Amino acid sequence: MPRYGMVIDLNKCTQCEACITVCKLENNVQIVSKENAEMGRAMFWMNMLTKNYEGDFPNIRPETLPVSCMQCDEPSCIKVCPVRATYKRDDGIVAQIYPQCIGCRYCMANCPYTAKVFNWFKDEQPVEIEKSYNPDVSVRPKGIVEKCTFCIHRLQKAKEQAKAEHRKLREKDYQPACAEVCSADAIYFGDLDDPNSKVSKVMKDYRRFALQEELGTKPKVQYLSAMSE
Amino acid sequence: MDNHHYDEDEVLFRPIYETGKGFYALACALAAIVVFGLVMYIRQLVFGLGETGMNEPVSWGFYIISFVFFIGISHAGTLISAILRLSKAEWRRPITRMAEVITGIVLIIGGLHPVIDLGRPDRILHLVERGRLQSPLLWDFTSVSAYFTASSIYLYLPLIPDIALLRDRGGKFHKLYKVLAWGYDGSEKQKHALERAINILMVLVIPIAVSVHTIISWIFGMTLQPGWHSTIFGPYFVVGAIFSGIAALVIVMIAFRKAYHLENYLKEIHFRYLGTLLMVMSLLWFYFTFAEYLTTFYGHEPPEMRVFDYKFIGSFAPWFWLMVACNFIIPVIFLSNKKLKTIGGILTASIAVVIGMWLERLIIIVPSLANPRLPYPTGIYVPSLTEISLLAAGIAAFILGFMGFSKLFPLISVWEIKEGRKESVREVTERLNEYLPTSKHVKVIEEA
Ligand code: SF4
Ligand code: SF4
């Protein structure tokens, strides 16, 4: 069984936020109204976190970090779910079962990375946007929790394709949208258990760090940076 | 009413047969508040939880606060009445019934709050069909239902002899009383069986009550959130629950004493005793709060300190210090001073405590969520009209339920009062004689 993981090279990242945009489009993540966004209900599966500002206005240089669900190996979110609507698959992906979730938001409260988002309202978009929805991903109803799934639908498709072609799944067959779109090639994605995969090689880089490793959640999304966390 | 019914405790039955205008007016006003809350809830069902002020990262708000708060109040009843019964405190007699009624009503209201809070209440049965016992939320579901079952039986059993009295008086609701009295006729055998059942239940109900609030605290304590992940939470919540429970009991007692002219039964001494209990709980509460925040401050972990500062000097500071005033300063001033410890003073302290304990739940829940571990911007939580009206509806439903109960059953246990009059003096004298050194002993000393 593979164990999927991701490494983001912050020294390569240009802060263009393409990963954040493409994630919203790829996964039909609800676009909320301006008022709701101001209330803190904007929905992102991948978010740009500003850690620090360097310099004085107007010459500031924000120090940022794209964060998504860390796909923890010891996820604290699944421990508390009362109905097993979030669970860890054998390939390490922490998935959500939308029709099962009762919307108690306990998992949100217990995610130390604040990675989960809730559908406060029904998803209502102009027709033009609805037309461009990704047909591979379900549109979530109101009242449930969602989060990054490592574009699990892509894995599904790639597996079927490989099966039809009687071959094994190759690394480049399955890449999440963010990794694919990154123009700086800063996002590595693949099987952490395969010593030959690119991602497990960059994992050995001395610049590697993970967020809040001390909590014991064992995140599978990690970072490279010359300046540490 | 004909004369042969006349009874020295007639005043206890009077509210059942006589209803004043004021009662109807108040009931209508309260019902209006409840209906308004209901309408707001239906709106929320239709449009989604976005109707509340909750957001990310503050994903729990008023509903969870009220849940913890109401379940806390429920400790007034069963726990206090069971402890007083168990310790054979004679002054408990006119108090236990009201305490138990509070528990029953407030548990229904409190228990509904997590359901109101669900994004998908239509899927509530998933908890039964595919509940994960590993989740603290399911522990809660189990323990609250167990508590509700135990405490409704514990309310009902001591009610049976009174229902039998009502049945024998005939008149209003005769049929209902007949069914509910279960053929109780006060024979020695029945009385004995009833007393045994009450005794077993009161011992049983104490650990259940303690476990309920411990488990509620674990919803928070089991998470990794700064400010929640604390071993002290179990006992801290239990103490808080009993604290707010006593305060609510005092308020209810004073209100109904006035409304139904029960001054002869609920005397100043009852309130003074309860006031002393309240004072003890206030000190205990302060001790726990102090211990909790001092350890946090001394450890000085950055994520914990972010929450700590938010409470002590940040946006939540006004609420935090108001809570300290309500839960500690005001009760201690009013309850430790003989001159201020009048019924009015005790009422003031109790109202302060109920407000303070609600604030305490607010202060535990929101700041931890508003300050995530990662450097996200601090969350802002402003409750919406929906949440406020549902809080009002919860309180109104509580008063309404209590008023409704008082129209069906006596608010003070009539048979226990009668029993007290008949037997207490003898029993207490006997008990006292057991404690005291025997006179033979005295003789020995004299001879020496
Ligand atoms: S980052 Fe949060 S949501 Fe994702 S697996 Fe870890 S605990 Fe769960
Ligand atoms: S919100 Fe849904 S996924 Fe999260 S804990 Fe509740 S039921 Fe589970």
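Here the structure is a predicted model, which is why all the values come from computation and not from measurement.

Let us now look at the overall build of chain B. Broken down by element type, chain B carries 18 helices and zero strands. By its C-alpha atoms, chain B is 75 × 70 × 45 Å across when sized along the principal axes. Put simply, chain B has 448 residues, and 56% of those count as buried. Considering only residue pairs separated by 6 or more positions, chain B has 82% of its internal contacts joining residues 24 or more positions apart. With an accessible surface of roughly 20,100 Å², chain B has 70% of that area assigned to carbon and sulfur atoms. Taking the 39 positively charged and 35 negatively charged side chains of chain B as two groups, their mean positions are separated by 2 Å.

Secondary structure summary: chain A contains eight helices and 10 strands in total. Here chain A has a C-alpha radius of gyration of 18 Å; the compact-globule value for 229 residues is 17 Å, and the two agree. Overall, the C-alpha framework of chain A stretches about 60 × 45 × 35 Å when taken along its three principal axes. For chain A, restricting intrachain contacts to residue pairs at least 6 apart in sequence, the fraction spanning at least 24 positions comes to 61%. For chain A, the distance from the average position of its 33 positive side-chain charges to the average position of its 31 negative side-chain charges is 4 Å.

Further remarks concern the sheet that holds strand 1 (residues 4-9) of chain A. Residues and elements named next belong to chain A. Spatially, four strands are ordered 8-1-10-9 in an open sheet, and the strand pairing comes out mixed. Both outer strands of the open sheet, strand 8 (187-191) and strand 9 (208-209), are each paired with one neighbouring strand and no more. Across two bridges, strand 9 lies against strand 10 (residues 221-224) in antiparallel orientation. Looking at the pairing, Arg208 lines up with Leu224 of strand 10.

Under the definition given, this model contains 39 aromatic pairs over all chains. Measuring from centroid to centroid gives 6.2 Å for B:Phe62 and B:Tyr381, while their planes differ by 55°, and the two rings are tilted. Placement of B:Phe62 in helix 3 (residues 62-73) and of B:Tyr381 in the loop between helix 15 (343-370) and helix 16 (385-406) is noted, with a sequence separation of 319 residues between them. Among the aromatic side chains, those forming a connected cluster through ring pairs are A:Tyr106, B:Trp60, B:Phe220, B:Trp228, B:Phe233, B:Tyr236, B:Phe237, B:Tyr287 and B:Phe288.

With that out of the way, let us pick up the pairing of strand 3 (residues 61-68) of chain A. Inspection of the sheet shows strand 2 (residues 46-54) of chain A paired to strand 3 of chain A by eight bridges, in the antiparallel sense. Its bridge partner lying in strand 3 of chain A, A:Glu54 is registered against A:Arg61.

What follows concerns a nonpolar patch on the surface. Residue and element names in this part refer to chain B. A contiguous nonpolar patch, built from Leu38, Ile42, Leu45, Val46 and Phe47 and spanning about 470 Å² of accessible area, is present on the exposed surface. Relative to the elements of secondary structure, Val46 occurs in helix 2 (residues 21-47). On the basis of relative accessibility, which here comes to 53%, the residue Val46 falls in the exposed class.

All right, on to the site of ligand 2 then. Among the 13 residues in the neighbourhood of ligand 2, the closest are listed as A:Cys81, A:Cys101, A:Cys104, A:Arg105 and A:Cys107. A breakdown of the residues in the shell around ligand 2 according to their chemical character gives nine nonpolar, three polar and one charged.

With that settled, the discussion passes to the interface of chain B and chain A. Counting residues at the interface gives 44 residues for chain B and 46 residues for chain A. Where chain B abuts chain A, roughly 3,600 Å² becomes buried across the two surfaces, and 56% of that area is made up of carbon and sulfur atoms. Here chain B and chain A share one salt bridge between them. Note that B:Asp117 and A:Arg105 form a salt bridge whose closest N and O atoms lie 2.6 Å from each other.

Residues and elements named next belong to chain A. As for its placement among the helices and strands, Ala162 is situated in helix 6 (residues 152-164). A relative accessible area of 3% places Ala162 in the buried class. Sequence-distant contacts of Ala162, that is, excluding residues within four places in its chain, are made with Arg167, Lys168 and Leu169.

With that settled, the discussion passes to the site of ligand 1. In the neighbourhood of ligand 1, the contacting residues comprise A:Cys69, A:Met70, A:Gln71, A:Cys72, A:Pro75, A:Ser76, A:Cys77, A:Val94, A:Cys111, A:Tyr113, A:Lys116 and A:Lys147. The residue inventory of the shell around ligand 1, partitioned by class, reads eight nonpolar, two polar and two charged.

Residue and element names in this part refer to chain B. Where helix 12 (residues 268-299) contacts helix 13 (residues 302-312), the two axes come as close as 9 Å, and the packing angle between them is 125°. Taken together, helix 12 and helix 13 sit at an angle that is classed as oblique. For helix 12 against helix 13, the interelement crossing comes out left-handed. Across the interface between the two elements, Tyr293, Thr296 and Phe297 of helix 12 pack against Glu304, Met305, Phe308, Lys311 and Phe312 of helix 13. Among the residues forming the contact of helix 12 with helix 13, the class breakdown is five nonpolar, one polar and two charged.

Residues and elements named next belong to chain A. Under the criterion given, the structure shown has 33 salt bridges over all chains. A salt bridge links Arg89 to Asp91; its shortest N-O distance comes to 2.7 Å. For the pair shown, Arg89 and Asp91 are each scored as buried. Salt bridges sharing partners connect three or more residues here, namely Arg3, Asp73, Lys88, Asp193 and Lys220.

Bringing the confidence of the model for chain B into the picture now. In this model, chain B carries an average pLDDT of 88, and 96% of its residues clear a pLDDT of 70 or more. We note a pTM of 0.92 for the whole complex and an ipTM of 0.90 for its interfaces.

Residue and element names in this part refer to chain B. Direction vectors running N to C along helix 4 (residues 77-86) and helix 5 (residues 96-117) enclose 150°, while the axes themselves pass 7 Å from each other. The pairing of helix 4 with helix 5 is recorded here as roughly antiparallel in orientation. Residue-level contacts link Gly77, Thr78, Ser81 and Arg85 of helix 4 to Thr96, Ala99, Glu100 and Thr103 of helix 5.

Before going further, it helps to spend a moment on helix 7 (residues 136-156) of chain B. Here helix 7 of chain B spans 30 Å end to end across 21 residues, near enough to the 30 Å set by a 1.5 Å rise per residue. Here helix 7 of chain B has its buried residues at B:Pro136, B:Leu137, B:Leu138, B:Asp140, B:Ser143, B:Val144, B:Tyr147, B:Ala150, B:Ser151, B:Tyr154 and B:Leu155.

The subject of this paragraph is the layout of surface pockets. Residues and elements named next belong to chain B. Its volume calculated, the largest pocket comes out at about 740 Å³. Lining the largest pocket are 30 residues, with Val252, Ala255, Phe256, Ile399 and Met403 positioned closest to its centre. When residues of the lining of the largest pocket are traced back to their parent elements, those giving at least two are helix 1 (10-17), helix 2, helix 3, helix 11 (233-259), helix 15 and helix 16. Looking at the lining of the largest pocket, the element that brings in the most residues is helix 11, giving six residues. Each residue belonging to the lining of the largest pocket can be placed in one class, and the counts come to 23 nonpolar, four polar and three charged.

Moving on, we come to the nonpolar core. With 197 residues, the main nonpolar core has A:Tyr223, B:Trp60, B:Met98, B:Phe220, B:Ile365 and B:Phe402 as its most contacted residues. Top element by residues in this core is helix 11 of chain B. It accounts for 16 residues. Ignoring sequence-local partners within four residues, the contact set of B:Trp60 consists of A:Cys104, A:Arg105, A:Tyr106, A:Ala109, B:Met54, B:Asp117, B:Ile219, B:Phe220, B:Trp228, B:Ile365, B:Val366 and B:Leu369. Judged by nonpolar contacts, the second largest core, of seven residues, contains A:Val7, A:Val199, A:Val202 and A:Met203.

All names here are of chain A. The topology assignment puts Ile20 in helix 1 (residues 18-26). Judged by relative accessible area, Ile20 falls into the buried class, the value being 6%. Placed 62 residues apart in sequence, Ile20 and Pro82 show a C-alpha to C-alpha distance of 30 Å. Apart from the residues lying within four places of it in its own chain, the contact partners of Ile20 are Phe44, Met46, Asn47 and Met48.

Procedures and definitions
- Residues numbered from 1 in each chain as written.
- Chains lettered and ligands numbered in written order.
- Predicted model: local features only at pLDDT ≥ 70, side-chain atom pairs only at ≥ 80, totals over all residues.
- Heavy atoms only, no water.
- Helix = DSSP H or I, 4+ residues; strand = E, 2+ residues; numbered from the N terminus.
- Buried < 20%, exposed > 50% of the residue type's maximum accessible area, 1.4 Å probe, protein only.
- Contact = heavy atoms within 4.5 Å.
- Areas by Shrake-Rupley, 256 points an atom, 1.4 Å probe, with all protein chains shown as cover.
- Lys, Arg positive; Asp, Glu negative; His and termini not counted.
- Charge placed at Lys NZ, Arg CZ, Asp CG, Glu CD.
- Rg over C-alpha atoms; globule rule 2.2 N^0.38 Å.
- Pairing = 2+ DSSP bridges.
- Phe/Tyr/Trp six-rings, centres within 6.5 Å; stacked < 30°, edge-to-face > 60°.
- Patch = residues over 30% accessible without salt bridge, like charges linked within 9 Å, V, L, I, M, F, W, Y side chains within 5 Å.
- Salt bridge = Lys/Arg side-chain N within 4 Å of Asp/Glu carboxyl O.
- Near = heavy atom within 4 Å.
- Nonpolar A, V, L, I, M, F, W, Y, C, P; charged D, E, K, R; others polar.
- Buried area = accessible area lost by both parts, 1.4 Å probe.
- Axes fitted to C-alpha atoms, helices over the stretch in contact; angles between N-to-C directions.
- Parallel < 35°, antiparallel > 145°, perpendicular 65-115°, else oblique.
- Left-handed = near helix turned anticlockwise from the far one by under 90°.
- pLDDT = per-residue confidence, 0-100.
- Expected span 1.5 Å × (residues − 1).
- 1 Å grid on protein atoms, 1.4 Å probe; cavity = no way out; pocket = protein on both sides within 12 Å on 5 of 7 lines; lining within 4 Å.
- Points joined across faces, edges and corners; volume = space filled by probe spheres on them.
- Core = buried A, V, L, I, M, F, W, Y, C linked by side-chain atoms within 4.5 Å.

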